Amino acid sequence: MAEAAACIDCKPDEQQNSSDTVQLPITTPASPLDPTTFVPPAPSITPSITIEFCDRCRRLHRATWVSTELFLTFPTPALRSITIMPLNAEDTAGRFRVWLFLDDKPPVLVWDRKVEGGFPELKVLKQRIRDHIQPGKSLGHSDK
């Protein structure tokens, strides 16, 4: 049975030999406010949405509320899945990002709380997503 690879954030046991430890290249941390350096999570099916949020900030209710509203506005097949991804690390502190994944296109960062200066108004978020997946669709009161 093969040994599981150690997480790069975990410290190796003192008992391990240095020859057993794999050295990973050190990378420069990305700017937390530069959207061009953000790495999106991999989607399962498209079109889909992934909502990343800081679990330590207790944003689960906001993420589930946003996902419910998006499914009500863009039912299948417009959106095939919405993933809610809690994160709990120093570099993800305060994060609330909404990603849109479409067939054969790079992921679209629809919203980032730190870059935009706050949480999304649902109206604005729906309009941004609509412009990518169903241009011209009326959002009713959300278009006013």
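Structure: see above.
Below, the structure is looked at part by part.

What follows is about the nonpolar core. One recurring pattern in soluble globular proteins is that nonpolar side chains are buried together. Judged by nonpolar contacts, the single largest core of 22 residues is most densely connected at I49, L70 and L125. Broken down by secondary-structure element, the contributors of at least two residues to this core are strand 1 (48-54), helix 1 (60-73), strand 3 (96-101), strand 4 (108-112) and helix 3 (122-133). If one sorts the elements of this core by residue count, helix 3 sits on top with 4 residues. Setting aside residues no more than four positions away along its own chain, L70 makes contact with I49, L79, I82, L125, K126 and I129.

With that out of the way, let us pick up the packing of helix 1 against helix 3. The N-to-C vectors of helix 1 and helix 3 enclose an angle of 50 degrees; their axes lie 11 Å apart at closest approach. By the angle class used here, helix 1 and helix 3 are oblique. The two elements helix 1 and helix 3 cross, and the hand of that crossing is right-handed. Within the contact between the two elements, helix 1 uses W65, V66, E69, L70 and T73 and helix 3 uses L122, L125, K126 and I129. Tallied by class, residues from the contact of helix 1 with helix 3 come to 6 nonpolar, 1 polar and 2 charged.

About the cut-offs
- Residues numbered from 1 in each chain as written.
- Predicted model: local features only at pLDDT ≥ 70, side-chain atom pairs only at ≥ 80, totals over all residues.
- Heavy atoms only, no water.
- Core = buried A, V, L, I, M, F, W, Y, C linked by side-chain atoms within 4.5 Å.
- Buried < 20%, exposed > 50% of the residue type's maximum accessible area, 1.4 Å probe, protein only.
- Helix = DSSP H or I, 4+ residues; strand = E, 2+ residues; numbered from the N terminus.
- Contact = heavy atoms within 4.5 Å.
- Axes fitted to C-alpha atoms, helices over the stretch in contact; angles between N-to-C directions.
- Parallel < 35°, antiparallel > 145°, perpendicular 65-115°, else oblique.
- Left-handed = near helix turned anticlockwise from the far one by under 90°.
- Nonpolar A, V, L, I, M, F, W, Y, C, P; charged D, E, K, R; others polar.

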